[in-house]
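Structural description and commentary
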Amino acid sequence: MGEEVILKKLFLQTQQSVQNAFNENRLQNEDGCFFEKFGSLLGQNFPKENNDLMSNLSFEVKEDENNLAESAISNADLYIDYDLKLQSSEDGSLSSEQTDELVTEACGMNIDDLYEEILYEITNNVGCESESVCTETLLEFAQQVFRIPDEKHEEILTASKNKEPPKIRLNIEIIKAENLIPKDSNGLSDPFVTLFLESNSTHRYNSSVKPDTLNPIWEEHFSLPITENPREEKLIVEVWDFDAAESVKEKVNKIFEVKGVRGLRKLVKEIALTASTGRHDNELIGRTTITLKSVPISGSTVWFNLEKGSKAKNRGSILISLSLSAEKNKYVAIQEHRHLLKLLFIHELESLKTTKFCWDGKFNPNSELIRTQHSVQSGLSNFECSLSQWVVYTSFYKEHPISFKVLNELLEVITPFLICLQRNSEEVKQFRGGLKQILPSCFSVLRKLRTRNDQQAITTLVEVLNLISQIKEFVLPIDTSLFPQNEYTWIPENTDIEEYDINDIATFAINSGTNDWLEYIVEGSKPKSDDECDESILLYLIKLIQMIRSDLQKAMEYFDKHFYHKLHINYSTVLFKFYDKKLTEIIEPIIVKISANMERLNVPDDRFEYLPNIDNVNMGTTLFELYIVLKRFLTLGKSLLPNEQLDIENFYTWFIPGVTHWLDISILKALNRIDKAIELDRLKAVDETVKYSSSAVDTLAIFYQIKIFWQQLDWPDVEGAYTFVAKIVDDICRCCVFYAQRMSKRVEYLTKDNTELFIVSTEWCFAINNIDYICQSLPAFILELGANKVIEQLGEIRTHLESERCKATIQNVIDNALDTERNQIQELIAVVARKMAPSIKRFLAEGSEVLYKDSNSMEKLMNYMENSLSTLYNILNEVNFGRMLDCIWAELSIIMYDLIQSNLDKRRPPAFFQNLKHTLQVMVKCFKMENFETSDVEVLIEIEKLLNLHGFETAELIHQYYLERMEYQKEIKNSKFGQLAIKAYFTENSLKLNILNGRSLVPMDSNGSCDSFVKVHFLPTNKFIGVSALKTAVKSKSCFPLYDEHFSINLTEEQQNNQDSLILFSIKDKDLFGMTNQYIGECYITFADIVTSEQEQIHMELSRPELTKSDVVRALEFRQGDKQAKDFLKKLKNKSYS
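None of these values were measured; they are calculated from a predicted model.

Let us look at the overall build of the protein. The helix and strand inventory of the protein stands at 35 helices and 16 strands. The buried share of the protein, reckoned over its 1138 residues, is 50%. Long-range pairs, those at least 24 residues apart, make up 77% of the contacts in the protein between residues at least 6 apart in sequence. Counting every atom, the protein has about 56,300 Å² of accessible surface; 49% of that belongs to carbon and sulfur.

Listed below in structure tokens is the structure:
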């Protein structure tokens, strides 16, 4: 059985969830998911897109129809030709005819003379490489390079062999030595170097002496002529300890500098030698022998170990730089070297079939050997060789550009020397000539960075930037000759810059390339002429900005660090400045035009008498997608240029008409959706944890979608933001009021019933809860909307007073909406109470009839009230249930007053009112559910009091009158009618009463005195049957009579225990004939007062009854057929008129 209940419950929950989902989809589809598009698209898709842009972008772009930016970049890549590599052999390789022509042009001198010189150097080559290379092979290779016929080759070769061998010199640099052994007594040495050729040992060269060190640094140069066979020659390098000429006394004074026992022994030996012979011999530390055939033609820098004889002891090492050179005319040698380089370069292009930008500057081994032999035998320095290569490579650069890496390596050698030369020197002029050839290609790379191959693009860029950076360090004068207008058409003619530097030209190149790319993507992205609707134009602009953002992201991620490190240029900043201006020029007129074409909408007033037809009223998200894209674009710009005023900074002003139009549409859509949500609402809880139904959730969902839209807008202008947020608040409040009104009508329509008995339904409860839920959610929603933050910002730019006024205005709108909703809730509760009233009245009337006291009307009443209140308690929230109880009680109060009055008019007996009181008490118990009680306690007390009065018998009712008089007497101070003093106490079976005296009695006679006596009655009379009235003697002519009379009244125990019983003391003035006694006054005391004041004198103030319309008097007046009531009222009138 338990399993069946659980399964049924699960089935009902599933069915409810399915129905809610169906209604939700149906509701959203009514307006084409208007709010969801703006909320989800702007709130979720764009952050995702932003994250994509901020991720690691790869240059390997793939086509994706869902990614506009990547698609456009791919298209742009296809458009731009970067010239970084040649596409075919037609672009990079040389034909035979071209080679012959270039060879002829390359040799400005007689080619036979140059060829003879090269053959001479080959046959007389120097350096260790010559051992491993066949001379015949080099000769054949040279013949190929120079394109010399065999016959002529043999002729020139014979002539070269007949020449004298070249005069070779050995260039030496003694750099430093380390870990030398100590030769002095102080543990150190004073080393110097001696070097000589083995074939000429008498011709020695000495370095300077480095005192007191075992790790000397010399950095001294020597050049030794080689007269014998250079391949068999040897260089001897010796390191000596210098021993200065010192007297015995001077040596003895070094005793304190001695280090160790060995040092002391050495010092003693030196002193003995000086004293006996007077000699001062230098000591050999070590030597090394270097065979010249081991020296490469390009030179070498090597560490050599020092030795002495056959001893294997480590004596230290020395670092020596060695190179070979020949004596030759410098100018002729440089010219020959350049012509040779041209021929070798042409041969490389022909043989390797290399493409543009791909040659890395490395010749094949034969070419490299010929080149180095020529440079060495010509005595060319590294600078002269590098400058020659610069001149040659750049002269071919336009037709056959080489790798930028080669040019960078050359610049690293050239620029340090050029800096030291005069600006008008021949070397500087030659360098500038080369620059003119390569700079267009360098700046072309900057202009065409947008490539698909990331590794190649970055590598090439780094090399170009490094090259420009080295040129920048050289600080060349920038003039028009270096940048001719016919080649640099992209340099603007009219700028604010008076004198350019290399960074300015680089910036112009970046802007030029960016402009070319922007023009292409603008043309490639524009919608076709037959599809130029506003939507397609906006999509085009979004696509354009996304592509630009992607370009900027690539710039920041891949290029910025290189530009800044090399040139101190913020590449992405340069790009953004350009895009900022161009995008403003493109986008602003389009947005202004689209916004101007938006039609004004007719928004209904607060009475909501009708809702306009909005089937054709719509607005896509595209305009605001564009807004969000621009906002993020500006955010990116502010991060790059935080202190600059951007053209696009005020872009939001273009969208003011669009935002206004959207807000007008949104309230119309919201009102219609709320109306539909209420129509679809089954007025059942959305789940077990809440007490409201689907329409309340749907309504708040609309509000939060609007909030997401507003937060995404993030309107930057404070005054504009206040205008919009005030309108949003007003629209939301209007929607809340509209919801309350429509929900009230909906529930009244659903619960129309012609039966007499009104059944409290769950629909009423959910309607009340829904309105209350919306009401409670409104302040929190307004807080989340950020209205207070906008107002605070407004106060910062305006005045505090103005911000307070704005805050008060918005708060008034919210308060008015909350008051209206609360009133609507109260009205619904009142309607329920009013509908319950007839049934309650009928059950109360039936239950109060004496004739039907045995009927089941009370049971019916109880069942009806319990069922109704149980439904209200289970579904209404705590606050609304309390309101409902108060309202039902208010209706019940009206019913009770009406029943009491109508039945008084019908002269119902007291028993009827007693039954009515009992019925009321039973009903009140129904209201005391848990901690809930009616708040109108005073009304309940008043009704019970009336029912009590009308339920009393006449005697008891009269007694109630005297009890009221008793209370009035307690309030009297110094009565004008006088006072009465008594003593009284109870015994076991009687009451002992002692009437003492009267004081300040009002004079009743013409002589200013009175003849008074006291009469005593016990009330209520029906409780003291058989107890006769008591009377004192008359005390004549005294306003302060002394009665002093004792009475003993027999009373039963029951009579004594009735604490509310009264003793009435009436004081009258006896007339002359005893016919018409005048009434002076009366006073009262209860049995309870007597008990508390036993044996004490009791003073009571006298008073006269007045004919007032108290509840008791009115109750007595309604009993017109009751003789006892009539007599009492008659006496009361006489007393009041006396």
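Now for the sheet that holds strand 6 (residues 283-291). Spatially, four strands are ordered 3-2-5-6 in an open sheet, and the strand pairing comes out antiparallel. Single-partner strands in this sheet number two, and they are strand 3 (200-206) and strand 6. In this sheet, neighbouring strand axes are inclined to one another by 25° on average, regardless of whether the strands run parallel or antiparallel. Relative to strand 5 (residues 234-241), strand 2 (residues 191-197) is paired through seven bridges, and the arrangement is antiparallel. Across the sheet, Leu 195 pairs through a bridge with Val 237, a residue of strand 5.

This paragraph deals with the side chain of His 959. The residue His 959 is located in helix 31 (residues 954-971) in this model. When sequence neighbours within four positions are dropped, the list of residues in contact with His 959 reads Leu 1019, Pro 1020, Asp 1060, Ser 1061 and Leu 1062.

Right, let's talk about the pairing of strand 10 (residues 990-999) for a bit. A large share of strand 10 lies buried, amounting to eight of its ten residues. Where strand 9 (residues 979-986) and strand 10 come together, eight bridges link them in antiparallel fashion. Bridge pairing links Ile 982 to Ile 995 in strand 10.

Within helix 18 (residues 534-567), the axis deviates most sharply at Phe 559, by approximately 60°. Among the 34 residues of helix 18, 25 are classified as buried, and the element is accordingly described as predominantly covered.

Attention now moves to the packing of aromatic side chains. The final tally for this structure, using the stated rule, is 39 aromatic pairs. Each ring, one from Phe 559 and one from Tyr 571, has its centre 5.8 Å from the other, and the planes form 85°; the classification is edge-to-face. Of the two residues, Phe 559 is situated in helix 18 and Tyr 571 in helix 19 (residues 571-596); the sequence distance between them amounts to twelve residues. Among the residues examined, Phe 559 registers a relative accessible area of 4% and is labelled buried. Aromatic pair Tyr 961 and Phe 1128: ring centres 5.3 Å apart, planes at 75°, arrangement edge-to-face. With Tyr 961 in helix 31 and Phe 1128 in helix 35 (residues 1123-1137), this pair connects stretches of sequence that are 167 residues apart. Residue classification places Phe 1128 among the buried residues on the basis of a relative accessible area of 8%. Pairwise contacts between aromatic rings join Tyr 627, Phe 651, Tyr 652, Phe 655, Trp 715 and Phe 724 into one cluster. Just above the ring of Phe 196 sits the side chain of Arg 204; from NZ or CZ to the centre is 4.0 Å.

This brings us to the pattern of salt bridges. One pass over the structure, following the stated rule, counts 20 salt bridges. Residue Arg 798 is joined to Glu 719 by a salt bridge in which the shortest nitrogen-to-oxygen separation is 2.7 Å. Linking Arg 798 in the loop between helix 25 (787-797) and helix 26 (800-848) with Glu 719 in helix 23 (residues 718-750), this pair joins segments that are 79 residues apart in sequence. With a relative accessible area of 40%, Arg 798 lands in the partly exposed category. The salt bridge involving Asp 819 is made with Arg 822; its shortest N-O contact spans 3.3 Å. Within this pair, Asp 819 and its partner Arg 822 are both found in helix 26, separated by three residues, close to a single helical turn. Classification of Asp 819 as partly exposed rests on a relative accessible area of 39%. Among the residues examined, Arg 822 registers a relative accessible area of 38% and is labelled partly exposed.

Reading across from one edge, 4-1-8-7 is the order of the four strands in this open sheet, with antiparallel pairing throughout. Edge positions in the open sheet fall to strand 4 (217-226) and strand 7 (300-305), since each of these has one partner strand only. Each neighbouring strand pair of the sheet contributes to a mean axis angle of 25°, computed without reference to strand direction. The pairing of strand 1 (residues 168-178) with strand 4 spans eight bridges and is classified as antiparallel. Bridge assignment links Asn 171 to a residue of strand 4, and that residue is Ser 223.

Cis rather than trans, the peptide bond between Leu 1019 and Pro 1020 has omega equal to 0°. On the secondary structure map, Pro 1020 appears in the loop between strand 11 (1012-1019) and strand 12 (1030-1031). Positive phi is not limited to glycine here, since Leu 683 has a value of about 55°. Mapping Leu 683 onto the fold places it in the loop between helix 21 (656-680) and helix 22 (694-713). Notably, Ser 1000 is not glycine yet its phi reads approximately 50°, a positive angle. The residue Ser 1000 is located in the loop between strand 10 and strand 11 in this model. Take Ser 1000: its relative accessible area is 36%, and that puts it in the partly exposed class.

Another aspect to go through is the packing of helix 21 against helix 23. For any two helices packed against each other, the geometry is given by the interaxial angle and the distance between the axes. Between helix 21 and helix 23, whose axes approach to 9 Å, the crossing angle comes to 15°. Regarding the angle of helix 21 to helix 23, the classification is roughly parallel. In this structure, helix 21 meets helix 23 at a crossing whose hand is right-handed. Touching Ile 656, Val 659, Thr 660, Leu 663, Asp 664, Ile 667, Ala 670, Leu 671, Ile 674, Asp 675, Ile 678 and Glu 679 of helix 21 are Phe 724, Lys 727, Ile 728, Asp 731, Arg 734, Cys 735, Phe 738, Tyr 739, Arg 742, Met 743 and Arg 746, all from helix 23.

Turning next to the environment of Thr 871. With respect to the helices and strands, the residue Thr 871 is situated in helix 27 (residues 857-875). Distance from Thr 871 to Val 760, taken between C-alpha atoms, is 7.1 Å for residues 111 residues apart in sequence. Excluding anything up to four places from it in sequence, Thr 871 contacts Val 760, Ser 761, Thr 762 and Cys 765.

With that settled, consider the nonpolar core. Nonpolar side chains tend to gather and get buried jointly when the protein is soluble and globular. By size, the foremost hydrophobic cluster in this structure holds 218 residues, and its most contacted members are Phe 443 and Phe 655. Beyond its immediate chain neighbours, meaning those up to four positions away, Phe 443 contacts Ile 468, Phe 483, Tyr 488, Trp 490, Ile 502, Ile 505, Ala 506 and Ala 509. Core analysis: the next-biggest nonpolar cluster, separate from the first, contains 32 residues, Cys 1010, Val 1014, Phe 1024 and Met 1100 among them.

The subject of this paragraph is a negative patch on the surface. On the surface, Glu 136, Glu 140, Asp 150 and Glu 154 cluster together into a patch of negative charge. You can see Asp 150 is positioned in helix 8 (residues 150-161). When its relative accessible area of 57% is taken as the criterion, Asp 150 is described as exposed.

Where strand 1 lies against strand 8 (residues 317-326), ten bridges are found, and the strand directions are antiparallel. Its bridge partner lying in strand 8, Lys 176 is registered against Leu 319.

Turning to the packing of helix 11 (residues 330-352) against helix 12 (residues 365-377), a few remarks are in order. Contact pair helix 11 / helix 12: the axes reach a minimum separation of 10 Å and the direction vectors enclose 175°. Taken together, the axes of helix 11 and helix 12 lie roughly antiparallel to each other. Contacts between helix 11 and helix 12 involve Ala 333, Glu 336, His 337, Leu 340, Leu 341, Leu 344 and Glu 348 on the former and, on the latter, Ser 367, Ile 370, Arg 371, His 374 and Ser 375. Among the residues forming the contact of helix 11 with helix 12, the class breakdown is five nonpolar, four polar and three charged.

Basis of the calculations
Residues numbered from 1 in each chain as written. Predicted model: local features only at pLDDT ≥ 70, side-chain atom pairs only at ≥ 80, totals over all residues. Heavy atoms only, no water. Helix = DSSP H or I, 4+ residues; strand = E, 2+ residues; numbered from the N terminus. Buried < 20%, exposed > 50% of the residue type's maximum accessible area, 1.4 Å probe, protein only. Contact = heavy atoms within 4.5 Å. Areas by Shrake-Rupley, 256 points an atom, 1.4 Å probe, with all protein chains shown as cover. Pairing = 2+ DSSP bridges. Axes fitted to C-alpha atoms, helices over the stretch in contact; angles between N-to-C directions. Bend = angle between axes of the 7 residues up to and from the residue. Phe/Tyr/Trp six-rings, centres within 6.5 Å; stacked < 30°, edge-to-face > 60°. Lys NZ or Arg CZ within 6 Å of the ring centre and 35° of its normal. Salt bridge = Lys/Arg side-chain N within 4 Å of Asp/Glu carboxyl O. Parallel < 35°, antiparallel > 145°, perpendicular 65-115°, else oblique. Left-handed = near helix turned anticlockwise from the far one by under 90°. Core = buried A, V, L, I, M, F, W, Y, C linked by side-chain atoms within 4.5 Å. Patch = residues over 30% accessible without salt bridge, like charges linked within 9 Å, V, L, I, M, F, W, Y side chains within 5 Å. Lys, Arg positive; Asp, Glu negative; His and termini not counted. Charge placed at Lys NZ, Arg CZ, Asp CG, Glu CD. Nonpolar A, V, L, I, M, F, W, Y, C, P; charged D, E, K, R; others polar.

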